[in-house]
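Here are the chains, one letter per residue:
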Amino acid sequence: MSRMYSGFARFYDVLQGGTPEPFERRTAELGREVESILELGCGTGAVLDLLPAAWAKVGIDVSPDMLEIARIKGVDAALIEADIRDVALDRRFDVVACVYDTVNHVPVSDWPRVFAVASGHLEADGIFLFDMNTLGRLRDGAGRSETTVAGGATVTIAISDEGDDRYDWHVRIEGDHDPIDETIAEYGAALTDVRRMLTDAGFTRVEVSGGRDRPVDDEAPRLFFACRR
């Protein structure tokens, strides 16, 4: 996984930016001032960079290329190269976040490990926020391709169904450089299975949203989770 996004890294921010729709609302619902956040799969630090300067911020990512861009941008956070399935820090946070379908990049058999990491790093009254591409979105996207002009380059993404709920995103970037080809795997899981994994990780309150009043099921484009222990 460490080389994932190696070629795509410098185009990531222009294609994916800002904070996911329910993120700011959910942190406000914590009921007190947020003082700290741990982001699992922070990438180039695009989310951390938008959060209040007063928060203590830590970002974890397995990609050295993405973290280097975060450092060049001057993201005000402690940035650690590590696997989100195994990271163990000697501290807890008000918020743990894992957004922009980061969890989909991990084989579903390892999602319980990610959820256990999140649970283990939360303050007692903290909140774990994450989102995922649904099985419906991944299945609908298979066999299609999409082209975007970003950062002075043409980015084409085609999705293929590899079986066993794995979907490969074939990325081709063309511009004033040699073409870059990269394959990024995503894995899908049914909502009922995700709820069970969260319960097993110690989360007793799990709220799920489809975003902008969309239905909460496996056919929603994306699901947003707010989890408390």
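My aim in this report is to walk through the structure given alongside it, one point at a time. A quick note: this is a predicted structure, and the numbers were derived from the prediction, not measured.

Thresholds, definitions, all that
- Residues numbered from 1 in each chain as written.
- Predicted model: local features only at pLDDT ≥ 70, side-chain atom pairs only at ≥ 80, totals over all residues.
- Heavy atoms only, no water.
- Axes fitted to C-alpha atoms, helices over the stretch in contact; angles between N-to-C directions.
- Helix = DSSP H or I, 4+ residues; strand = E, 2+ residues; numbered from the N terminus.
- Parallel < 35°, antiparallel > 145°, perpendicular 65-115°, else oblique.
- Left-handed = near helix turned anticlockwise from the far one by under 90°.
- Contact = heavy atoms within 4.5 Å.
- Buried < 20%, exposed > 50% of the residue type's maximum accessible area, 1.4 Å probe, protein only.
- Lys, Arg positive; Asp, Glu negative; His and termini not counted.
- Salt bridge = Lys/Arg side-chain N within 4 Å of Asp/Glu carboxyl O.
- Polar contact = N/O pair within 3.5 Å; in protein donor to acceptor, adjacent residues only side chain to side chain.
- Pairing = 2+ DSSP bridges.

This next bit is on the packing of helix α4 (residues 111–120) against helix α6 (residues 191–200). As a packed pair, α4 and α6 sit with axes 9 Å apart at the nearest point and diverge in direction by 45°. Looking at the two axes, α4 sits oblique to α6. At the point where α4 passes α6, the crossing takes the right-handed sense. On α6, the residues touching Trp 111, Pro 112 and Phe 115 of α4 are Val 194, Met 197 and Leu 198.

Turning next to the side chain of Glu 186. Along the chain, Glu 186 falls in strand β9 (residues 177–187). Summary of buried charges: Glu 186 has no salt-bridge partner, and the nearest side chain of opposite charge, Arg 222, is 7.2 Å away. At a separation of 3.0 Å, a polar atom in the side chain of Glu 186 contacts the side chain of Asn 133. Ignoring anything within four residues of it in the chain, the contact list for Glu 186 reads Asp 101, Asn 104, His 105, Asn 133, Leu 138, Asp 165, Arg 166, Tyr 167 and Trp 169.

Glancing now at the sheet that holds strand β8 (residues 166–175). One open sheet accounts for four strands, arranged β6-β7-β8-β9; its pairing is antiparallel. With one partner strand each, in any of the chains shown, β6 (145–150) and β9 form the two edges of the open sheet. Taken over all neighbouring pairs, the strand axes of this sheet differ in orientation by 20° on average, direction set aside.

Using the criterion set out here, one finds 12 salt bridges in the structure. With a closest N to O distance of 2.7 Å, Asp 83 and Arg 85 form a salt bridge. Overall, the relative accessible area of 17% leaves Arg 85 in the buried class. Here Asp 168 and Arg 166 are joined by a salt bridge, their closest N and O atoms 2.7 Å apart. A residue is classified by how much of its surface remains accessible, and Asp 168, at 7% relative accessible area, is buried. A residue is classified by how much of its surface remains accessible, and Arg 166, at 30% relative accessible area, is partly exposed. Ionic contacts of the salt-bridge type, sharing partners, join the residues Asp 83, Arg 85, Asp 86, Asp 110 and Arg 113 into one network.

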